[in-house]
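Chain by chain, the residues run as shown.
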Amino acid sequence: MDKDIKDIAEQVKVLMRGAVEVYTAEELSDRLSEAAKAGRQLRIKLGLDPTSPDIHLGHTVVLRKMRQFQDLGHKAVLIIGDYTARIGDPSGQDSTRPILSDEQIEENAKTYFAQAGKILDTSQDKLEVRYNGQWLAKMQLADTIKLTASMTVARMLERDTFEIRHKKGDPIGIHEFLYPLMQGYDSVMIKSDVELGGTDQTFNNLVGRDLQRLDGQKPQIVMVMPILVGLDGTEKMSKSKGNYIGVTDEPGDMFGKVMSISDDMMENYFTLLTDIRPDRIAELTDPAKTHPKEAKVLLGKTIVAQFHGQEVAEQAAAEFEKVFAKGQLPDDMPVVAFEADAIMASKLLVKCGLVESGGEAKRMIRQSAVSIDGKKIRDPNSEITPTEGMVVQVGKRKFARLKVS
């Protein structure tokens, strides 16, 4: 993005790109104007609960929006929800989330800053990292009761997930009602000007506006970003659903996963995951002007370059072309040492590191997704005798070469 955009209307246009809703666009324009006149940075809030150790491209949709604000001179305030993770965000859930242990939360939180730093400007004047346990852990019961008094049960049940569960007669824990209030209280404590979130966070973010108003603060602008659809083309991107691209994925895996998306998903991915101009995206996603494969290769290289650099992205694209278009073996595959003793096929895959468990190995073999030296393996219990240079393949992107001692 051009860091020297001075015109407020142009800034709003850039920031509105890809957004589903802004509460409100007029307030955003006014706040940007006020900040420019006062020579101050807006405080742009994003909360992330460390409920899993990895960030995927779905998370980067809002992180990239936050980076746009940074590039316009504003400060990102990244809140690691070490305290709210103890409750578990009920957004989009049809049942109560399990409560994580302190050890799980701490371990997951360690990875978040490094991964978010692949997208955000981490310089001190552009990024502030806070843990909401700094203030939420200090609240007394009287403070909590005062906070809950700002919200009625009727208003809380307006939230779609609560409303659906209530009508079905499914249990809703009282602690789940506290989550939107705690997230909203974060906005009060850091005095946020803008809060970013996905569509599943709209209710929580608007609660922040209400609590700031009650506290005498100017209410934050809420910018709602769409949920990125996963590789399956139907469900939202999620590690638990296995339809995700992780920001720490190896370049080849990342590129291959992008190439696996359907053609009709490209416009969404180009818009939310790249800085390519809208008019150029229109050309790239029009089959009459650009062949879909050419467009998808560009998309894959653009995404990989963001996390691994342009040279690595070009190498990943070339390797993909060699392996999948020309049917050749990859140059760079892990070499795994074996003895020349027969081993069960499913155990072979686990030892090669191509699957995470024996159960996954058996499932992949039964799905005819496993080949050894180009021959399909269909029985998980079949005995395989390792030989020097034997190539084991799982799916389209995972390979290992055996070295026999």
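That block above? That's the structure.
What comes next concerns the included structure. Everything numeric here is computed off the predicted structure, so don't read it as measured data.

### Regarding the overall build of the protein
Argument step 1. Across its full length, the protein holds 17 helices and 13 strands.
Argument step 2. Counting only C-alpha atoms and orienting by the principal axes, one finds that the protein spans roughly 75 × 50 × 40 Å.
Argument step 3. Within the protein, contacts between residues separated by at least 24 positions form 71% of all contacts whose residues are at least 6 apart in sequence.
Argument step 4. Counting 55 positive and 61 negative side-chain charges, the protein places the averaged centre of each group 1 Å from the other.

### With respect to the pattern of salt bridges
Argument step 1. Applying the stated rule across the entire model yields 19 salt bridges.
Argument step 2. With its nearest N and O atoms 4.0 Å apart, the salt bridge here joins K126 to D121. Each member of the pair, K126 as well as D121, is classed as buried.
Argument step 3. With its nearest N and O atoms 3.3 Å apart, the salt bridge here joins E314 to K301. Within this pair, whereas E314 is found in helix α15 (residues 310-325), its partner K301 is found in helix α14 (residues 292-308), the two being separated by 13 residues in sequence.
Argument step 4. Taking relative accessible area as the criterion, E314 reaches 37% and is therefore assigned partly exposed.
Argument step 5. In this structure, a network of salt bridges that share partners links the residues R31, R40 and D193.

### Regarding the pairing of strand β3 (residues 75-80)
Argument step 1. For β3, a buried count of six out of six residues is recorded, marking the element as mostly surrounded by other parts of the structure.
Argument step 2. Burial along β3 is two-sided: the face carrying K75, V77 and I79 and the face carrying A76, L78 and I80 are both buried.
Argument step 3. Sheet topology note: the strand β2 (residues 43-48)/β3 ladder contains six bridges and is parallel. Paired with R43 across the bridge in β3 is K75.

### Focus on the sheet that holds strand β10 (residues 375-376)
Argument step 1. If you trace the five strands from one edge of the open sheet to the other, you get β7-β13-β12-β9-β10, paired in mixed fashion. The strands lining the two open edges of the sheet, one partner per strand, are β7 (335-338) and β10.
Argument step 2. Of the pairings in the sheet, the one linking strand β9 (residues 370-372) to strand β12 (residues 391-394) comprises three bridges and is antiparallel in character. Within the sheet, the bridge partner assigned to S371 lies in β12 and is Q393.
Argument step 3. Sitting on the sheet, helix α16 (residues 345-352) touches β7, β9, β12 and β13 (398-404), and the angle it makes with β7 is about 125°.

Criteria and cut-off values
- Residues numbered from 1 in each chain as written.
- Predicted model: local features only at pLDDT ≥ 70, side-chain atom pairs only at ≥ 80, totals over all residues.
- Heavy atoms only, no water.
- Helix = DSSP H or I, 4+ residues; strand = E, 2+ residues; numbered from the N terminus.
- Contact = heavy atoms within 4.5 Å.
- Lys, Arg positive; Asp, Glu negative; His and termini not counted.
- Charge placed at Lys NZ, Arg CZ, Asp CG, Glu CD.
- Salt bridge = Lys/Arg side-chain N within 4 Å of Asp/Glu carboxyl O.
- Buried < 20%, exposed > 50% of the residue type's maximum accessible area, 1.4 Å probe, protein only.
- Pairing = 2+ DSSP bridges.
- Axes fitted to C-alpha atoms, helices over the stretch in contact; angles between N-to-C directions.

Remember, this is a structural readout, not a statement about activity or role.
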